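What follows is the residue order along each chain.
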Amino acid sequence: VITVLDLPNQPTIAGELNVCLNTTETYIATSNTTNYTWTTTGGIINGNNVNWTAVGNQTLTVTPTNFCGNGLSASANILVEAIPNITQGINGDSIVCPGLFVYTLPPLNNVNYTWSISGGGIIQATSNTANINWITPGNYEITTVLSNNCGVGDTITQAVTVLIPPQLSNEIVGEGQVCNG
C-alpha cells in the first residue's frame, strides 16, 4: 500500500483578535494536517499560545507542514491594547470666574473618558472634552478616569478655583454738587 500525500491545505486561524498587553491567548489552526509553525510580530510564542508583548497592530501567522513540505500560510491581524495611561494633565483654566469653560485631554483611540467635578457647577462631557459651567465660587476638583477593554487606567485631576464675581454697589459715592473744571 502506497499513500500519496499532498501539501497541507491553507489553515484558518481561530482566537481573539483584540487582546490586552501582557496576556496570553490560545489560537487554533484548522487544516488537513496536525503540524503547524506559528510566528508573530508582537509576542512570545509557546506552541499555539501567544503572550502579547507589543502594543498596536500585530500579525499572527501559521504555516501548516507535513512530510511533503509547507502549505500556504494564513495570517490574522491582532490589535494589542494596553490599559490607558497618559502623563499629560487636563488642559484648561484653573482659576476662573463663574461661566462656561472647556477642559480637554489628548484623544486616544478605543479609550473611555469618565469626567466628574467635586461641585460648583454643571458638567457635560463627550469623550476627551468636558464643558463645565462653573456656578458657585469655591475650590473644586475636576477628575477624569481613563478605561478600555483592558481595564481602568490613570485618574487625572486638576484643582480649580472659582472666584467670587466683583460686587458693585448700587450707590455712587462722591460730591453731590461740583464746580466746572
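This one's a predicted model, so the numbers in the text were calculated from it and none came from an experiment.

Peer 1: Is there a simple way to explain the overall build of the chain in this structure?
Peer 2: A tally of helices and strands in the chain yields 0 helices and 17 strands. Overall size of the chain, expressed as C-alpha extent along the three principal axes, is 130 × 30 × 20 Å. Within the span of the chain, comprising 181 residues, buried residues form 30% of the whole. Intrachain contacts of the chain at a sequence separation of at least 6 include 53% that bridge at least 24 residues. For the chain, the accessible surface area stands at approximately 11,400 Å², while carbon and sulfur atoms represent 51% of it.

Peer 1: What is the right way to read the side chain of T61 from this model?
Peer 2: Note that T61 resides in strand β8 (residues 56-66). At a separation of 2.9 Å, a polar atom in the side chain of T61 contacts the side chain of S75. Those residues in contact with T61 that lie beyond four places of it in its chain are T37, W38, T39, S73, A74 and S75.

Peer 1: Would you explain the nonpolar core in this entry?
Peer 2: Soluble globular proteins: nonpolar side chains tend toward being buried together. Core analysis: the largest hydrophobic core is formed by 18 residues, its most contacted members being Y103, L105, W115, W134 and I142. Of all the secondary-structure elements, those providing two or more residues to this core are β13 (112-117), β15 (129-134), β16 (138-148) and β17 (151-162). Listed in part, the 12 residues of the second largest apolar core include Y27, V50, A76 and I78.

Peer 1: Would you explain the sheet that holds β15 in this entry?
Peer 2: Hydrogen bonds between backbone atoms are what pair the strands of a sheet, whose relative direction is either parallel or antiparallel. Spatially, the 3 strands line up as an open sheet ordered β12-β15-β14, and their pairing is antiparallel. Because the sheet does not close on itself, it has two edges, and the strands there are β12 (99-104) and β14 (121-126). Neighbouring strand axes in the sheet, compared pairwise and without regard to direction, differ in orientation by 20° on average. Summarising the sheet, β12 and β15 pair through 6 bridges and their orientation is antiparallel. Paired with Y103 across the strands is A130, a residue of β15.

Peer 1: It is not clear to me how the sheet that holds strand β3 (residues 24-26) should be interpreted in this structure. Could you clarify?
Peer 2: Ordered by their spatial adjacency, 3 strands build an open sheet running β3-β7-β6, and the pairing between neighbours is antiparallel. Looking at strand neighbours, the two that pair on one side only are β3 and β6 (43-46), the edges of this open sheet. Pairwise comparison of adjacent strand axes, ignoring direction, gives a mean angle of 25° for this sheet.

Conventions adopted
Along each chain, the written sequence defines residue order, and numbers are assigned to residues from 1. Under the rules for a predicted model, residues below a pLDDT of 70 receive no local features and side-chain atom pairs below 80 are neither given nor counted, while totals for whole chains, interfaces and linings still include all residues. Only hydrogens and water are set aside; all other atoms, that is, all heavy atoms of the structure, feed into the side-chain values. Only DSSP runs of H or I reaching four residues or more are called helices, and only runs of E reaching two or more are called strands; each is numbered from the N terminus. Residue exposure (1.4 Å probe, protein chains only): buried if accessible area is under 20% of the type maximum, exposed if over 50%, otherwise partly exposed. Contacts were defined at the residue level, with two residues in contact if any of their heavy atoms lie within 4.5 Å. Only the protein chains shown count as cover for residues, with accessible areas throughout obtained via the Shrake-Rupley method and a probe of 1.4 Å. By the criterion applied in these results, polar contacts are pairs of N or O atoms within 3.5 Å in which, for protein atoms, one can donate a hydrogen and the other can accept it, and in which residues neighboring in sequence qualify only through two side-chain atoms. Residues belong to one nonpolar core when they are buried, are Ala, Val, Leu, Ile, Met, Phe, Trp, Tyr or Cys, and are joined through side-chain atoms within 4.5 Å. Any two strands with at least two DSSP-identified bridges between them are counted as paired. Fitted lines through C-alpha atoms give the axes, limited to the stretch in contact for helices. The angle between two N-to-C directions lies from 0 to 180 degrees.

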